[in-house]
Amino acid sequence: MKAALLSLTLALICPQAHSVNWLPFGPYGGDARRIAEDPHDRAHLYLGTANGWIYESHNGGVEWKRLARIDNRDDLVLDSIVVDAVNPRRLIIGAWVLSSPDGGLYVSDDGGVTWKSQVDMAGQSIRALAAAPSDPKILVAGTLKGVYRSNDDGVHWQLISPEGSVELHEVESIAIDPKDPAIIYAGTWHLPWKTTNAGEHWANIKQGVIDDSDVFSIIVDPEQSNVVYASACSGIYKSENAGEKFDKIQGIPSTARRTRVLTQDPQQLNVVYAGTTEGLFRTSDSGKTWIRTTGPELIVNDVHVDPRDSSHVMLATDRAGVLNSNDGGFTFYPSNSGFSARQITAFVVNPRQPANLFVGVVNDKAWGGVFQSENGGLTWTQQSAGLDGQDVYSLEQASDGTLLAGTGHGIYRLTGGVWTRVEHASETPSVPEVAAKRTVARRRTSGRAPAMRAKAKVSDFDGMVFGFARAGDAVYAATSEGVLKSVTAGTSWDVLGSLDQTEWRFVGAQMSTVFVTALHSASLSKDGGQRWSAVVLPGALTQVSAVAVDGEHGLWVGGREGLFRSVDGGATWINFGNVNVRDVNSLFYDEASQCVLVTASNKNTIAFSVHVPDGAVRYWNTGWVLRMVRPVGDHLVGATLFDGVVIQPRMVNSAELSGH
């Protein structure tokens, strides 16, 4: 019934589905970086992310929709958004790339639908961007190279800080005087600077600031421009003489020194918010006293105060996405409908109830873990009680329906809505070891061999679980401490012996055939893990990134060089050229359709299906770079690299190839 409802829903959403890419449906939340408003429509907001997407909302952040991916890249951090005060259709975004000097300045003249790179700033790491309040055509940008200024609404740019300066570079924050656009403040990774003549001369305004402070944010009081606030890794500072001298504000814990953003309430200027790496702080007396209004686990990247109603405060955060407050920032609730920036690493479908899905995510701590959908992926709820913020790298469902999660620190079982950790794993001797011990026992009893079992060593298991595979009642786990097997729905595990190394990254299983690989080696068992033999991987394959075992006991491996199959237990391999793909990142054998599903990374948006009996290939251009794909009823559901789950519209027609 739920699968039928999903089909109907998608059909209603996509009457022209044959021309529509797969549709995103969450789980909602993730890293949000910047909130900007349309000055002509205060309910119209833009949201910058850490993966190149810009979102928009037309109802004050209640609901979001994807607007565009800047430069078709997933590595751009969008920390700076300026909406033209005269022409709201014109937007300018500053972008940078983590662990790289790359980035750029991008301009849209159609409300953010299409974007073009600004030539003068191409490749620049843009860390800050501001428009002059008194003249919106004047823009100032802070980059790793220095301070740049535009006098024509971002069409042309000029470096206004000393070229090649050994001090005035790596500019993290910019503020412009509300009345005089020639007065500019620049916060660098090593103290703040100021110019009063549009960059002809710069002064280091460091009096009162602890040496070598990274200055993350600077704001100037819109009515009293001599009042300047600055946040740094060493704390929050305030100046009442336009930066000639700063005083360190007390009341912010020393552990929350990374204050990423300062925001002043435009209606109550004595109210200032400090978004830190340990929550949100608020002062109502211009910085004399502060209180923390959120938990210390929250990382705040931006604070937006509604100029129409200062009780409406929004936060852009790491992991928790967008948070909303209607009481002046004292309490918050999630406001992420339509916004998804989750990094999904695991996926499992309940075979008894195909519309019941689970996904595992990483890097989201208390806001991540496992999410469940009971309607084929249309809506999601977090199901992470007991995981304690663990990253989830693998998921599997035991034959009795119990859900298992593989984390960076062991295996968890979901029972009664709460995850519990499996504390021990037993080291099971190999078949030859057991046989040797039984021979000794027979000799000691004059040929009479009592029933006995080799003694297992029990140890705490705290290893990383890279992947699961299930065959009947048996579940296998590839871990950093060996290959584990459970026939008790995950309540107890045996560490399988006879393997020539400890860490195994990938596992596939069908009936009694178990295939495990590390990055550069592989082993095969044909008796459920009792005996193992080494397998030589394809010579053309430099590193394994995915494996599967099909219903005919064929072995599949994928990697940067493509897709390979063996039908003789790994003795020989064939490059499966019918699937013209490189950078394979996922393989999954679907028993119901007898198909191997294939996805790849490196900007590939094609998902493949290989019908094992005849080698026929189908493919879909999903419009997304996928981490994996799974069947859900008569649909496919994909997990993206950074954008959550996407669902195949029911009316999409795939192309077909023939071959073996």
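Residues numbered from 1 in each chain as written. Predicted model: local features only at pLDDT ≥ 70, side-chain atom pairs only at ≥ 80, totals over all residues. Heavy atoms only, no water.

How should the overall build of the chain be read in this particular structure?
Of regular secondary structure, the chain possesses two helices and 61 strands. Across the 660 residues of the chain, 58% fall into the buried class. Once local pairs closer than 6 in sequence are excluded, the contacts in the chain between residues at least 24 apart make up 46%. For the chain, the computed accessible surface area is about 27200 Å², with 49% contributed by carbon and sulfur atoms. (Helix = DSSP H or I, 4+ residues; strand = E, 2+ residues; numbered from the N terminus. Buried < 20%, exposed > 50% of the residue type's maximum accessible area, 1.4 Å probe, protein only. Contact = heavy atoms within 4.5 Å. Areas by Shrake-Rupley, 256 points an atom, 1.4 Å probe, with all protein chains shown as cover.)

What is the right way to read the side chain of threonine 407 from this model?
Here threonine 407 shows up in strand E37 (residues 403-407). A polar side-chain atom of threonine 407 sits 2.9 Å from the main-chain amide nitrogen of histidine 409. A polar contact is formed between the side chain of threonine 407 and the backbone oxygen of glycine 410, at a distance of 2.9 Å. With residues up to four places along the chain from it excluded, the contact list for threonine 407 reads Leu387, Gln390, Asp391, Tyr393, Tyr412, Gly463, Met464 and Val465. (Polar contact = N/O pair within 3.5 Å; in protein donor to acceptor, adjacent residues only side chain to side chain.)

Looking at this structure, I do not really get the sheet that holds strand E7 (residues 76-83). What am I missing?
Pairing between the strands of a sheet comes from backbone hydrogen bonds, and it takes one of two forms, parallel or antiparallel. Judged by pairing direction, the sheet is antiparallel, and its four strands sit side by side in the order E7-E8-E9-E10 without closing on themselves. Across the chains shown, the open sheet's two edge strands, defined by having one partner strand only, are E7 and strand E10 (116-117). By the bridge criterion, two bridges tie strand E9 (residues 103-108) to E10 in an arrangement that is antiparallel. Within E10, the position partnered with valine 107 by the bridge is lysine 116. (Pairing = 2+ DSSP bridges.)

Honestly, the nonpolar core in this entry has me stumped. Any pointers?
Side chains of nonpolar character tend, in soluble globular proteins, to be buried together. Counting 21 residues, the largest nonpolar core has Trp22, Leu47, Trp64 and Phe339 as its most contacted members. Counting residues per element, the ones that place at least two in this core are strand E3 (32-38), strand E4 (41-49), strand E5 (53-57), strand E28 (313-317) and strand E58 (626-632). Setting aside its immediate chain neighbours within four residues, tryptophan 22 contacts Trp620, Thr622, Trp624, Leu626, Val629, Leu636, Val637, Gly638, Val646, Ile647, Gln648 and Pro649. (Core = buried A, V, L, I, M, F, W, Y, C linked by side-chain atoms within 4.5 Å.)

Help me understand the pattern of salt bridges, please; the structure alone is not making it clear to me.
For side chains of opposite charge, pairing can occur when their charged atoms come near one another. Taken as a whole and judged by the stated rule, the model has 25 salt bridges. In this structure, arginine 66 engages aspartate 643 in a salt bridge whose closest nitrogen and oxygen atoms are separated by 3.9 Å. Within this pair, whereas arginine 66 is found in strand E6 (residues 65-69), its partner aspartate 643 is found in the loop between strand E59 (635-640) and strand E60 (645-647), the two being separated by 577 residues in sequence. Using a relative accessible area of 18% as the deciding quantity, one classes arginine 66 as buried. (Salt bridge = Lys/Arg side-chain N within 4 Å of Asp/Glu carboxyl O.)

Just checking my understanding: could you explain the confidence of the model for the chain for this structure?
Low-pLDDT portions of the prediction should not be read for the details of their coordinates. Across the chain, pLDDT averages 90, with 90% of residues at or above 70. Taken together, the stretch residues 656-660 has pLDDT below 50 and engages in 14 contacts with residues farther than four places along the chain or on a different chain. (pLDDT = per-residue confidence, 0-100.)

When you look at the sheet that holds strand E34 (residues 370-373) in this model, what are you seeing that I'm missing?
If you walk across this open sheet you meet the four strands as E32-E33-E34-E35, and the pairing is antiparallel. Looking at the sheet topology across the chains shown, the edges are occupied by strand E32 (344-349) and strand E35 (381-382). Note that E32 and strand E33 (residues 357-361) share five bridges and pair antiparallel. The partner of valine 349 across the bridge, within E33, is leucine 357.

Please clarify how unusual backbone geometry should be interpreted in this entry.
Generally, phi is negative for residues other than glycine and the peptide bonds are trans, each holding for most cases. Cis rather than trans, the peptide bond between glycine 26 and proline 27 has omega equal to 0 degrees. Structurally, the position occupied by proline 27 is in the loop between strand E1 (23-26) and strand E2 (29-30). Phi is positive for methionine 511, close to 55 degrees, though the residue is something other than glycine. Relative to the helices and strands, methionine 511 is located in the loop between strand E46 (506-510) and strand E47 (513-517).

Looking at this structure, how should I read the environment of phenylalanine 642?
When you line up the elements, phenylalanine 642 lands in the loop between E59 and E60. Its relative accessible area of 29% is what places phenylalanine 642 among the partly exposed residues. Placed 592 residues apart in sequence, phenylalanine 642 and alanine 50 show a C-alpha to C-alpha distance of 9.4 Å. In contact with phenylalanine 642, not counting residues within four places along its chain, are Asn51, Asp74, Ser340, Ala341, Arg342 and Gln343.

Sorry, what's going on with the pairing of E46 here?
Working note: regular strand, side chains alternate between the two faces of the sheet. For E46, a buried count of four out of five residues is recorded, marking the element as mostly surrounded by other parts of the structure. Of the strand pairs in this sheet, E46 and E47 are connected by five bridges, and their pairing is antiparallel. The partner of glutamine 510 across the bridge, within E47, is threonine 513. In sequence, E46 turns back onto E47 through a hairpin of two residues, with methionine 511 there showing a positive phi of about 55 degrees.

Would you mind going over the pairing of strand E54 (residues 584-590) with me for this structure?
Most of E54 is tucked away, with six of its seven residues classed as buried. As paired strands, E54 and strand E55 (residues 595-600) are joined by six bridges and run antiparallel to one another. Its bridge partner being in E55, valine 584 is matched across the sheet by alanine 600. In this antiparallel pair of consecutive strands, E54 and E55, the connection spans four residues, and glutamine 594 shows a positive phi of 60 degrees.

Please clarify how the environment of tyrosine 333 should be interpreted in this entry.
Assignment of secondary structure puts tyrosine 333 in strand E30 (residues 333-334). Note: C-alpha distance between tyrosine 333 and alanine 320 (13 residues apart in sequence) is 9.9 Å. With residues up to four places along the chain from it excluded, the contact list for tyrosine 333 reads Val322, Leu323, Asn324 and Asn326. Within the local environment of tyrosine 333, its side chain forms a polar contact with the side chain of asparagine 326, the two groups lying 3.2 Å apart.

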